[in-house]
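# Fold and contact review
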Amino acid sequence: TRSTRPQRMLKAVQKKATKGDPESVISAIDYFCKHSEWAMNVGDEKGSILDSVVTEVNPSTVLELGTYCGYSTVRIARLLSPGTKFITLEFNPANVTIARQIIAYAGLQDKVTVVEGSSGDLIPQMKERFGITTFDFIFLDHWKDRYLPDIKLFEECGLLRKGSVLLADNVICPGAPEYLEYVRNSPRYESRYYPAHLEYTKVEDGLEKSVFLE
Ligand SMILES: O=C(NCCCCc1cc2cnccc2s1)c1cc(-c2ccc(F)cc2)cc(O)c1O
Ligand SMILES: [Mg+2]
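Report follows, based on the coordinates. Everything numeric here is computed off the predicted structure, so don't read it as measured data.

### Focus: the pattern of salt bridges
Under the definition given, this model contains 16 salt bridges. Here Glu-37 makes a salt bridge to Arg-5, at a shortest N to O gap of 3.1 Å. Placement of Glu-37 in the loop between α2 (22-35) and α3 (43-57) and of Arg-5 in helix α1 (residues 5-16) is noted, with a sequence separation of 32 residues between them. Residue Glu-37 is classed as buried on the basis of its relative accessible area of 16%. Linking Arg-188 and Glu-214 is a salt bridge whose minimum nitrogen-to-oxygen distance equals 3.4 Å. Here Glu-214 lies in the segment after β7 (204-212) and Arg-188 lies in the loop between α10 (177-185) and β6 (189-197), a separation of 26 residues in the sequence.

Right, dumping it as structure tokens:
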């Protein structure tokens, strides 16, 4: 039967990238998406903004919602200090399998734990299952209509501390209007918008960075 896009992306990485070299894995995926098939990775333009925020925060604990094929997972993991606890959640088991192979090809498998499941189920389990008290940095890149309920879940579960940074992808396209309204109007967050474009296109999109103040 016909292969899937994530499977073809993995093949492109195995063909073009150098094992153990995260930069070459990132480049191979960006090349595949620009010249072969579009895919919903955060991409190089928004990826550079992601890099700068991760570097600025220099987090000890990281959560990513929406692994997909592991592109942003590799971007984040390659910047983390040794000993950082990094968890990434993916709903689709087929994507979990591809992502683990792409992360391993980059040589970053010891830096991150890929967990299969939905955010609504897994966020309340973070403390007991992974020994996390609070997250220093959270990258939201999963179902856009889950951004708002999940930030409220982080608050309810006591997973944010003063200075926790949340970075949300796709706040314009596909869009997360209720989430934007919440973080921009809540006195508990300091928010800033980073304009960019939908990965590999000229369509307007951007990232919203929100710092928890409580
Ligand atoms: O849907 C997007 N990403 C979410 C996939 C949700 C799967 C998961 C749910 C879930 C629940 N709990 C835990 C983990 C997870 S993972 C997405 C879509 C576009 C896009 C697509 C078409 C288009 F024309 C224009 C933009 C661009 C993007 O950058 C995206 O990120
Ligand atoms: Mg995205």
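Having seen it, we continue.
### So, the coordination of the magnesium ion (ligand 2)
The magnesium ion (ligand 2) binds to the protein through Asp-141 (OD), Asp-169 (OD) and Asn-170 (OD1); the donor distances cover 2.0 to 2.2 Å. Read in sequence order, the donor residues for the magnesium ion (ligand 2) give the motif D-x27-D-N. Each member of the pair, Asp-169 together with Asn-170, is buried.

### Section: the sheet that holds β7
Across a sheet, paired strands are connected by hydrogen bonds in the backbone, their directions being either parallel or antiparallel. Sheet architecture is open: seven strands sit in the order β3-β2-β1-β4-β5-β7-β6, paired in mixed fashion. The open sheet terminates on both sides in strands that have one partner only, identified here as β3 (113-116) and β6. For this sheet, the mean inter-axis angle between neighbouring strands, taken without regard to orientation, is 15 degrees. As judged from the four bridges shared by strand β1 (residues 61-65) and strand β4 (residues 137-140), these two strands associate in the parallel manner.

### A few points about the packing of aromatic side chains
This structure, assessed with the given rule, holds four aromatic pairs. The structure contains a cluster of three or more aromatic residues connected by ring pairs, namely Tyr-182, Tyr-189 and Phe-212.

### Regarding the site of ligand 1
In the vicinity of ligand 1 there are 19 residues, among which Ser-119, Asp-141, Lys-144, Asn-170 and Glu-199 approach most closely. Between Lys-144 and ligand 1, the recorded distance is 3.0 Å, taken from a side-chain N or O atom to an oxygen atom. In the complex, the protein chains occlude 78% of the 680 Å² of accessible area that ligand 1 would expose alone. Those elements that provide at least two residues to the shell around ligand 1 are β2 (85-90) and α9 (171-175). For the shell around ligand 1, the residue count by class is eight nonpolar, six polar and five charged.

### So, α1
Here α1 spans 16 Å end to end across twelve residues, near enough to the 16 Å set by a 1.5 Å rise per residue. Of the positions making up α1, those classed as buried are Pro-6, Met-9, Leu-10, Ala-12 and Val-13. Buried residues of α1, viewed axially, fall in a sector of 160 degrees; they line one side. Turned more than 90 degrees away from the buried face of α1, the exposed residues are Lys-11 and Lys-15. Packing partners of the buried residues in α1 comprise α2 and α5 (93-105).

### With respect to the state of the cysteines
Tallied over the entire structure, the rule returns zero disulfides. Of the cysteine sulfurs around Cys-33, a residue in no disulfide, the closest is that of Cys-69, at 8.3 Å. For Cys-33, a relative accessible area of 5% corresponds to the buried category. Look at Cys-69 and you get buried, because its relative accessible area is 0%.

What counts as what
Residues numbered from 1 in each chain as written. Chains lettered and ligands numbered in written order. Predicted model: local features only at pLDDT ≥ 70, side-chain atom pairs only at ≥ 80, totals over all residues. Heavy atoms only, no water. Salt bridge = Lys/Arg side-chain N within 4 Å of Asp/Glu carboxyl O. Helix = DSSP H or I, 4+ residues; strand = E, 2+ residues; numbered from the N terminus. Buried < 20%, exposed > 50% of the residue type's maximum accessible area, 1.4 Å probe, protein only. Donors = N, O, S within 2.8 Å, 3.2 Å for Na, K, Ca; no water. Pairing = 2+ DSSP bridges. Axes fitted to C-alpha atoms, helices over the stretch in contact; angles between N-to-C directions. Phe/Tyr/Trp six-rings, centres within 6.5 Å; stacked < 30°, edge-to-face > 60°. Near = heavy atom within 4 Å. Polar contact = N/O pair within 3.5 Å; in protein donor to acceptor, adjacent residues only side chain to side chain. Areas by Shrake-Rupley, 256 points an atom, 1.4 Å probe, with all protein chains shown as cover. Nonpolar A, V, L, I, M, F, W, Y, C, P; charged D, E, K, R; others polar. Expected span 1.5 Å × (residues − 1). Arc of directions from axis to C-beta. Contact = heavy atoms within 4.5 Å. Disulfide = S-S within 2.5 Å.

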